[in-house]
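Spelled out, the chains give:
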Amino acid sequence: MPTFDFKQVDVFASEPLKGNPLAVVIAADGLTDETMAAFARWTNLSETIFLLQPTTPQADYRVRIFTPGRELPFAGHPTLGACAVWLGSGGRARGDTIVQECPAGLITLRLDGSRVAFAAPPRVRSGPVESGLLPRLADGLGVGADEILEAQWVDNGPGWLAVRLASRRQVLDLRPDMAVLGDLKVGVVAPWDPAVDGPDAQFELRAFVPGLGIPEDPVTGSLNAGVAQWLIGSGQAPESYVASQGTALGRAGRVHVQKSGSDIWVGGEVVTCIAGTVTL
């Protein structure tokens, strides 16, 4: 059986065990779809990725992204982790930016000091969530319908919708009913109050994805990208801010968002926790 270089990294954290873990199999071109899916089930992480040779000359590398339940066309924290591991394994970009190929298309990344950042891809679905879905969202999140200030589609591939609440405390106190949420991919966001929550971040997020076999994702790049496009575009967030995620799970994820021209960049730190080989 072939052996592959392997890393497990922590994304959106400046120290190990505080962000969102990601399993990375390097130079995995020889693996079948079935083996990739089986390994993702075995790691039981929110995502496991496989670094591959690109199929288009515009890309520097290619990635496939698997949850324990299925393959994703795009996801944020795997994109940042893939780029960091590719660079750490000797990858060299041909230009000022790095281009990742994935089923959702070509994703542009850049180095931002010690962080890696990706340009938020276009949303495939946006606008208000249908009114008929709001009672299910309220029941699934365990809040009153009047506590949902706004609900928007922020889908850039995985299927995200986002709910805005009034306070960070409300977000952290959520005890969702995963059976009611079902196959919905639900993000929840609220602003930090500097007088109560401190100055370290400006927004708190949580992400519930029971249909993917992950009741709650610790720190979620794709959700943060869609939420940033919504909040910045509607004037509810500044063009540069930090989002906190993972607090309810004992993590300390920090997502750095910055609008530059027409692009919104979503970035974070990536640290290596495990390095070795895996036999598949």
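Above this text is the structure in question.
For the structure given in this document, a descriptive report is provided here. Not measured: the values here are computed from a predicted model. (Residues numbered from 1 in each chain as written. Predicted model: local features only at pLDDT ≥ 70, side-chain atom pairs only at ≥ 80, totals over all residues. Heavy atoms only, no water.)

### Quick word on the side chain of Asp60
So, point 1. Topologically, Asp60 is positioned in the loop between β3 (48-52) and β4 (61-66).
So, point 2. Overall, the relative accessible area of 13% leaves Asp60 in the buried class.
So, point 3. Only 3.3 Å separates the side chain of Asp60 from the side chain of Arg94, close enough to count as a polar contact.
So, point 4. Ignoring sequence-local partners within four residues, the contact set of Asp60 consists of Pro54, Trp86, Arg92, Ala93, Arg94, Thr97, Ile98 and Val99. (Helix = DSSP H or I, 4+ residues; strand = E, 2+ residues; numbered from the N terminus. Buried < 20%, exposed > 50% of the residue type's maximum accessible area, 1.4 Å probe, protein only. Polar contact = N/O pair within 3.5 Å; in protein donor to acceptor, adjacent residues only side chain to side chain. Contact = heavy atoms within 4.5 Å.)

### As for helix α1 (residues 33-43)
So, point 1. The set of residues buried in α1 consists of Met36, Phe39, Ala40 and Thr43. For α1, the arc enclosing every buried residue in end-on projection is 100°, short of the 170-degree limit, so these residues lie on one face. Those residues of α1 that are exposed and aimed more than 90 degrees away from the buried face are Glu34 and Trp42.
So, point 2. Buried residues along α1 sit in contact with β1 (3-11), β2 (20-25), β3, β4 and β18 (270-279). (Arc of directions from axis to C-beta.)

### A look at the packing of aromatic side chains
Each pair of aromatic rings is reported with the distance of its centres and the angle of its planes.
So, point 1. One pass over the full model with this rule turns up seven aromatic pairs.
So, point 2. For the pair Tyr61 and Trp86, a centre-to-centre distance of 5.1 Å together with 35° between the ring planes defines the contact as tilted. Here Trp86 lies in helix α2 (residues 76-88) and Tyr61 lies in strand β4, a separation of 25 residues in the sequence. Here Tyr61 and Trp86 have matching classes, each one buried.
So, point 3. When the centroid spacing of 5.0 Å and the interplanar angle of 65° are considered together, the rings of Phe203 and Tyr241 count as edge-to-face. Separated by 38 residues along the polypeptide, Phe203 in strand β13 (residues 203-209) and Tyr241 in strand β15 (residues 240-245) bring together distant segments of the chain. The residues Phe203 and Tyr241 share a single accessibility class, namely buried.
So, point 4. Connected via pairs of aromatic rings, a cluster forms that spans Phe6, Phe39, Trp42, Phe50 and Phe66.
So, point 5. The side chain of Arg110 reaches across the aromatic face of Trp265, ending 4.2 Å from its centre. (Phe/Tyr/Trp six-rings, centres within 6.5 Å; stacked < 30°, edge-to-face > 60°. Lys NZ or Arg CZ within 6 Å of the ring centre and 35° of its normal.)

### Describing α2
So, point 1. When the terminal C-alpha atoms of α2 are compared, their 19 Å separation across 13 residues agrees well with the 18 Å that a helix rising 1.5 Å per residue should span.
So, point 2. For α2, a buried count of ten out of 13 residues is recorded, marking the element as mostly surrounded by other parts of the structure.
So, point 3. Those residues of α2 that sit buried are Gly76, His77, Pro78, Thr79, Leu80, Gly81, Ala82, Cys83, Val85 and Trp86.
So, point 4. Following α2 by one or two positions, Gly90 has its phi on the positive side, about 100°. (Expected span 1.5 Å × (residues − 1).)

### What to know about the side chain of Thr43
So, point 1. Summarising the element assignment, Thr43 is placed in helix α1.
So, point 2. On the basis of relative accessibility, which here comes to 17%, the residue Thr43 falls in the buried class.
So, point 3. A polar contact is formed between the side chain of Thr43 and the backbone oxygen of Ala40, at a distance of 3.1 Å.
So, point 4. Residues within four places of Thr43 in sequence aside, it is in contact with Ala23 and Thr48.

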